[in-house]
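Coordinates in review
Residue-level listing of the chains:
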Amino acid sequence: MNKMTAAITAVGAYVPDFVLSNEVLETMVDTNDEWITSRTGIKERRMLKEEGQGTSFMAIRAAQNLFEKSGVDPKDIDLVIMATATPDMPVASTGVYVATQIGAVNAFAYDLHAACSSFLYGISTASAYIESGRYKKVLLIGADKMSSIIDYTDRATCIIFGDGAGAVLFEPNNEGLGFQDEYLRSDGIGREFLKIDAGGSILPASEETVKNKQHYVFQDGKTVFKYAVSGMADVSEKIMERNNLSKDDVNWLVAHQANKRIIDATANRMGLDDEKVLINIQKYGNTTSATLPLLLSDFENQLKKGDNIIFAAFGGGFTWGAIYLKWAYNKQ
Ligand code: UT7
């Protein structure tokens, strides 16, 4: 009998209707469509405009989309892992609220925060629970309302990020499909280069921190770019070597959508042709925890049972890594 593996068996997604285009950003900060497109690959991004709504609003809709498509009963879910860097509130887990709202009444839930690698690390966590035999249905949601922590007068960050959500279901598989291997890394050297200074335990919120705009994302883009390019390419190459995968064996690269140039550099190092590299950064920008499931949702029609997928991500912290997974179904 094959070892029990953890397979993705369903996908769902949600993005807000409101579109913020490069042309509109040109009217807000000193930037232009040509610069944004050539430096990042982004043309537009989505923003959640609903008054008083946070990340959970999108996460709930992504999960509901998954249930509608798959026919899975939320009551059968054992665990909800909410990957996010923008929880609804600093205290009171967003995942717990989401699980209750979607009717996953027999599940427990919690949040997992590893900046832009939250969903990648979540794949590792969800898979480990399934492989151990402890749980049968683990719902992993990646969602971020980045617009809630972005300064729309700062051209270094406001052109990059967007809002969105995606969800995947992990279940046991006896055909050897699903999760195969992971190479996950982190390095605290990154803390200074991509962060929000205030609102945490070091520098709690005060009039001063608000005045100084210290509750917004700060990014030293050039430095993060340098680490991201080498970091994402290194781990992707390593996971191929370790699993004896040639460039022909890899069907798809599903990489964090932070910058088209970082994705291209990774694909280059892996020797992959463009048609194997899933890209939707032009539509959504960097949605942090939602980039990987949004790719799976957008390209679900093209993924075939048995396809070899390499997931790769790089984010604040620094956190990064690659995961090798075999796709487990053909979309009906
Ligand atoms: O997802 C988490 C991990 N994050 C990442 O992976 C992001 C990594 N970093 C990046 O993607 C890139 O560094 C950015 C897209 C953020 C910036 O691109 P860059 O090619 O590194 O630009 P830069 O910061 O080196 O700036 C180049 C020039 C500068 O002008 P000078 O000094 O050459 O005259 C900037 O002032 O472009 C200028 N610039 C802009 N111009 C128009 C910076 N931002 C903008 C802008 N519009 N929005």
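Computed from a predicted model, the values in this text were never measured in an experiment. (Residues numbered from 1 in each chain as written. Predicted model: local features only at pLDDT ≥ 70, side-chain atom pairs only at ≥ 80, totals over all residues. Heavy atoms only, no water.)

What follows is about the domain arrangement of the protein chain. By the assigned domains, the protein chain splits into domain 1 (5–178) and domain 2 (180–326). A straight line from the C-alpha centre of domain 1 to that of domain 2 covers 14 Å. On the side of domain 2, 48 residues touch domain 1, which itself brings 51 residues to the contact. Carbon and sulfur atoms make up 61% of the area that domain 1 and domain 2 hide from each other, which totals about 3800 Å². (Domains from an automatic or database assignment. Contact = heavy atoms within 4.5 Å. Buried area = accessible area lost by both parts, 1.4 Å probe.)

If charged atoms from side chains of opposite charge come close, those side chains can pair. Evaluation of the coordinates by the stated rule reveals 14 salt bridges. Between Lys69 and Glu300 there is a salt bridge, with the nearest N and O atoms lying 2.7 Å from each other. Residue Lys69 is located in helix α3 (residues 55–70), and its partner Glu300 is located in the loop between α11 (291–298) and β12 (308–315); the two are separated by 231 residues in the primary sequence. Its relative accessible area of 38% is what places Lys69 among the partly exposed residues. Residue Glu300 is classed as buried on the basis of its relative accessible area, which comes to 5%. (Salt bridge = Lys/Arg side-chain N within 4 Å of Asp/Glu carboxyl O. Helix = DSSP H or I, 4+ residues; strand = E, 2+ residues; numbered from the N terminus. Buried < 20%, exposed > 50% of the residue type's maximum accessible area, 1.4 Å probe, protein only.)

Moving on to the sheet that holds strand β5 (residues 108–112). One open sheet holds the five strands; their spatial order is β1-β7-β6-β4-β5, and the pairing between them is mixed. Since the sheet does not close on itself, it has two edges, and those belong to β1 (5–14) and β5, each with one partner. Direction aside, neighbouring strands of the sheet carry axes that sit 20° apart on average. Of the strand pairs in this sheet, strand β6 (residues 138–145) and strand β7 (residues 163–173) are connected by eight bridges, and their pairing is antiparallel. Its bridge partner lying in β7, Lys145 is registered against Asp163. In the packing of α3 onto the sheet, the strands contacted are β1, β4 (79–83), β6 and β7, and the crossing angle to β1 comes to about 115°. (Pairing = 2+ DSSP bridges. Axes fitted to C-alpha atoms, helices over the stretch in contact; angles between N-to-C directions.)

With that out of the way, let us pick up the layout of surface pockets. One number sums up the size of the largest pocket: a volume of about 1300 Å³. Lining the largest pocket are 40 residues, and of these Ala85, His113, Lys195, Ile196 and Ala198 lie nearest its centre. Among the domains, domain 1 (5–178) and domain 2 (180–326) are the pair contributing at least three residues each to the lining of the largest pocket. Taken as a whole, the second largest pocket encloses approximately 720 Å³ of empty space. Elements that contribute at least two residues to the lining of the second largest pocket include exactly α2 (33–40), α6 (155–158), α8 (221–242), α9 (260–270) and β12. Looking at which element gives the most residues to the lining of the second largest pocket, the answer is α8, with six residues. Its residues assigned to classes, the lining of the second largest pocket comprises 14 nonpolar, 10 polar and five charged. Two domains share the lining of the second largest pocket, each providing at least three of its residues, namely domain 1 (5–178) and domain 2 (180–326). (1 Å grid on protein atoms, 1.4 Å probe; cavity = no way out; pocket = protein on both sides within 12 Å on 5 of 7 lines; lining within 4 Å. Points joined across faces, edges and corners; volume = space filled by probe spheres on them. Nonpolar A, V, L, I, M, F, W, Y, C, P; charged D, E, K, R; others polar.)

Annotation from UniProt places "active site" (unreviewed entry) at Cys116, His256 and Asn286. The greatest C-alpha distance among the residues just named is 8.8 Å, despite their covering 171 residues of sequence, which places them together in space. Within the annotated group, the residues that form the lining of the largest pocket are Cys116. Note on placement: Cys116 falls in the loop between β5 and α5 (118–131). (UniProt positions renumbered as here; feature names shortened; annotations may be inferred.)

A complete count under the given rule lists 10 aromatic pairs for this structure. With a centroid separation of 5.0 Å and an interplanar angle of 45°, the aromatic rings of Phe314 and Phe318 are classed as tilted. With respect to class, Phe314 is no different from Phe318; both count as buried. With a centroid separation of 5.6 Å and 35° between ring planes, the pair formed by Phe314 and Trp320 is classed as tilted. (Phe/Tyr/Trp six-rings, centres within 6.5 Å; stacked < 30°, edge-to-face > 60°.)

This part covers the packing of α8 against α9. With their axes 9 Å apart at the nearest point, α8 and α9 run at an angle of 30° to one another. What the angle tells us is that α8 and α9 run roughly parallel. The crossing of α8 and α9 is right-handed. Of α9, the residues touching α8 (which contributes Phe225, Ala228, Val229, Ser230, Met232, Ala233, Asp234, Ser236, Glu237 and Met240) are Arg261, Ile262, Ile263, Ala265, Thr266, Arg269 and Met270. (Parallel < 35°, antiparallel > 145°, perpendicular 65-115°, else oblique. Left-handed = near helix turned anticlockwise from the far one by under 90°.)

Close contact between α3 and helix α4 (residues 94–101) brings their axes to 10 Å; oriented N to C, the two are set at 45°. When the interaxial angle is binned, α3 and α4 end up oblique. In this structure, α3 meets α4 at a crossing whose hand is right-handed. Taking contact as the criterion, the partners of Ser56, Ala59 and Ile60 in α3 are, on α4, Thr94, Tyr97, Val98 and Gln101. For the contact of α3 with α4, the class distribution of residues is four nonpolar, three polar and no charged.

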